[in-house]
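Spelled out, the chains give:
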Amino acid sequence: MKNHYWLGLLAVCVTSGHMEAQNPVIRDQFTADPTARVFNGKMYLYPSHDIPSPVERLKEWFCMGDYHVFSSENLTDWTDHGVIIDQNDVPWVQPDSYSMWAPDCVYKDGTYYFYFPSTPKGEGRRGFAVGVATGKHPEGPFTPLEQPIEGVSGIDPCVMFDTEGKAYLFWSGGGIRMARLKDNMTELDSEPQTVKGLPEGFKEGPFAFERNGKYYLTFPWVEDKTETLAYAMSDQPMGPYTFKGKIMEQSPTGCWTNHHSIVEYNGQWYLFYHHNDYSPEFDKRRSTRIDSLSFNDDGTIRPVRPTLRGVGITDARKPVQIDRYSEITPGASIAYLDPDHKFEGWKTVLESENASIRYNRIDFGTTPAREITVRVKSPAGGRLKIGLSGLPDFTMKVPRSDQWILVTHPVSSAPTGLHDLTVSLESGNGTELDWVTWK
Ligand code: FUB
């Protein structure tokens, strides 16, 4: 996005806190441990906020000092509502402890309850407590309670409601723990207990939910080297739970953590999870991804394959970042536009003839598109074949250039509606593509 026109567009988007995205979905900051919740017909995202550590002791560890909340109506365009809680505004949190780990947020009787772990104040205090902040709107403002929840020692709080509307708190700390919550949502209503029936091996990040009268307890689980996402099911909110298997395998790139939430929105279930897309060299700087999730007839969860394309429909009139591909062939690859500034995003590299990349679900609307523009760099010059599903392919010439240039070509098929795009290299080995758009 180095071209001035698009830099201008980006500046408008960023100043209004507005981002459009595939995976990762938030593209201007790190967003780990994504808890997604639907409130008032909108998707809200409550992640933790990884930052490069300003303090020496956390240079090689997790470092988070505040929480932002994001919202979206289409899972493609996201609004950043800014900071909702800062560590130094919470009375019980040790100042500058930078341990605002995975949060949750739920609604009950007119109030939004935001749950978060952190390091409690006190000389030599170790470990985590879980606090609550309350607000009248999902995007805040939230007011933190004076003290953390008594009896909870650990991280990764998650609240589940049963079919009667009773709330349960799950968290991790020496296994996965749970207790009933009182109606005030801020105190335990039962002795904490460790959830039984889960597999051996490290587990954290519980996310529990109810669907069709069945209770699901899902959690990151180290089966081999790094965290998979796994789950157990029960007919009762407090168990006994029966282990059912994995939802997502460990990452082949070695990112040690995964952390997730599962939510239904407009009739489709989604898995929110994280990966270190913008920080491949250090896995404590993570970013939120979303992929679709579905269930078998018996209620078990179908495994989810992580994708870059993610979910949602992309507007043909905006830059379509085809490096977030649906499918890629040998000879095509992706790379950072600028390895020193990874938030600038990625490019597609078409190394050899016939290499191609496909990007699904582009919306051309009802007004036929008349021309395509490609941001491209082709040291050898060459030809691209452009295919839109259901329409005839055409080729466009790309002039020789060592710099990024915009190349525009007429589109005689006048696309409207939804199409999948395939871009293939006819000639010009080493041609690079940033994005594609239509007018
Ligand atoms: O983000 C810090 C910790 O990493 C979370 O609390 C864990 O679940 C893991 O994702």
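(A) Region of the structure containing the pairing of strand β11 (residues 167–172). Most of β11 sits out of view: six of its six residues are buried. Both faces of β11 are covered, namely the face carrying Ala-167, Leu-169 and Trp-171 and the face carrying Tyr-168, Phe-170 and Ser-172. Of the strand pairs in this sheet, strand β10 (residues 155–161) and β11 are connected by five bridges, and their pairing is antiparallel. From the neighbouring strand, Phe-161 faces β11, where its bridge partner is Ala-167. Between the antiparallel neighbours β10 and β11 lie five residues, among them Gly-165 with a positive phi of about 90°. Note: β11 against strand β12 (residues 176–180), five bridges, orientation antiparallel. Bridged to Trp-171 within β12 is Arg-177. Following β11, the chain reverses through three residues before pairing antiparallel with β12; Gly-174 in that reversal takes a positive phi of roughly 65°.

(B) Inspection of the site of the ligand at higher detail. Taken together, the neighbourhood of the ligand is formed by Asp-33, Phe-62, Met-64, Trp-101, Ala-102, Ile-155, Asp-156, Glu-204, Thr-257, His-259, His-274 and Arg-286. Measuring from an oxygen atom of the ligand, one finds a side-chain N or O atom of Arg-286 at 2.7 Å. Partitioning the shell around the ligand into residue classes produces five nonpolar, three polar and four charged.

(C) Representation of empty space enclosed by the protein in the model. Counted by the stated rule, this structure contains one cavity of 30 Å³ or more. Taken as a whole, the largest cavity holds about 60 Å³ of empty space. Every residue along the wall of the largest cavity is listed here: Thr-35, Ala-102, Pro-103, Asp-104, Asp-156, Pro-157, Cys-158, Gly-205, Pro-206, Phe-207, His-259 and His-260. Considering each element in turn, the lining of the largest cavity owes the most residues, three residues, to β10. Taken together, the residues of the lining of the largest cavity break down into six nonpolar, four polar and two charged.

(D) Looking closely at the sheet that holds strand β19 (residues 268–275). Taking strand neighbours across the sheet as the criterion, the three strands line up as β18-β19-β20 in an open arrangement whose pairing is antiparallel. Among the strands making up the open sheet, the edge pair consists of β18 (261–265) and β20 (287–293). With direction set aside, neighbouring strand axes in the sheet form an average angle of 30°. Alignment of β18 against β19, held across five bridges, turns out to be antiparallel. Across the sheet, Ile-262 pairs through a bridge with Leu-271, a residue of β19.

(E) Up close: the state of the cysteines. All chains considered together, the criterion is met by zero disulfides. Looking at Cys-105, it has no disulfide partner, and the nearest cysteine sulfur is the one in Cys-158, 12 Å off.

(F) Quick peek at the domain arrangement of the protein chain. Examined at the domain level, the protein chain breaks down into domain 1 (2–293) and domain 2 (314–438). On a C-alpha basis, the centres of domain 1 and domain 2 stand 35 Å from each other. Counting from both sides, the interface comprises 17 residues of domain 1 and, opposite them, 17 residues of domain 2. Carbon and sulfur atoms make up 57% of the area that domain 1 and domain 2 hide from each other, which totals about 1500 Å². Where domain 1 meets domain 2, there are two salt bridges.

(G) Expanded view of the pairing of strand β14 (residues 207–211). In terms of burial, β14 is largely enclosed, as four of its five residues are buried. With five bridges joining them, β14 and strand β15 (residues 214–222) adopt antiparallel strand pairing. Within the sheet, the bridge partner assigned to Arg-211 lies in β15 and is Lys-214.

Conventions and cut-offs
Residues numbered from 1 in each chain as written. Predicted model: local features only at pLDDT ≥ 70, side-chain atom pairs only at ≥ 80, totals over all residues. Heavy atoms only, no water. Buried < 20%, exposed > 50% of the residue type's maximum accessible area, 1.4 Å probe, protein only. Helix = DSSP H or I, 4+ residues; strand = E, 2+ residues; numbered from the N terminus. Pairing = 2+ DSSP bridges. Near = heavy atom within 4 Å. Polar contact = N/O pair within 3.5 Å; in protein donor to acceptor, adjacent residues only side chain to side chain. Nonpolar A, V, L, I, M, F, W, Y, C, P; charged D, E, K, R; others polar. 1 Å grid on protein atoms, 1.4 Å probe; cavity = no way out; pocket = protein on both sides within 12 Å on 5 of 7 lines; lining within 4 Å. Points joined across faces, edges and corners; volume = space filled by probe spheres on them. Axes fitted to C-alpha atoms, helices over the stretch in contact; angles between N-to-C directions. Disulfide = S-S within 2.5 Å. Domains from an automatic or database assignment. Contact = heavy atoms within 4.5 Å. Buried area = accessible area lost by both parts, 1.4 Å probe. Salt bridge = Lys/Arg side-chain N within 4 Å of Asp/Glu carboxyl O.

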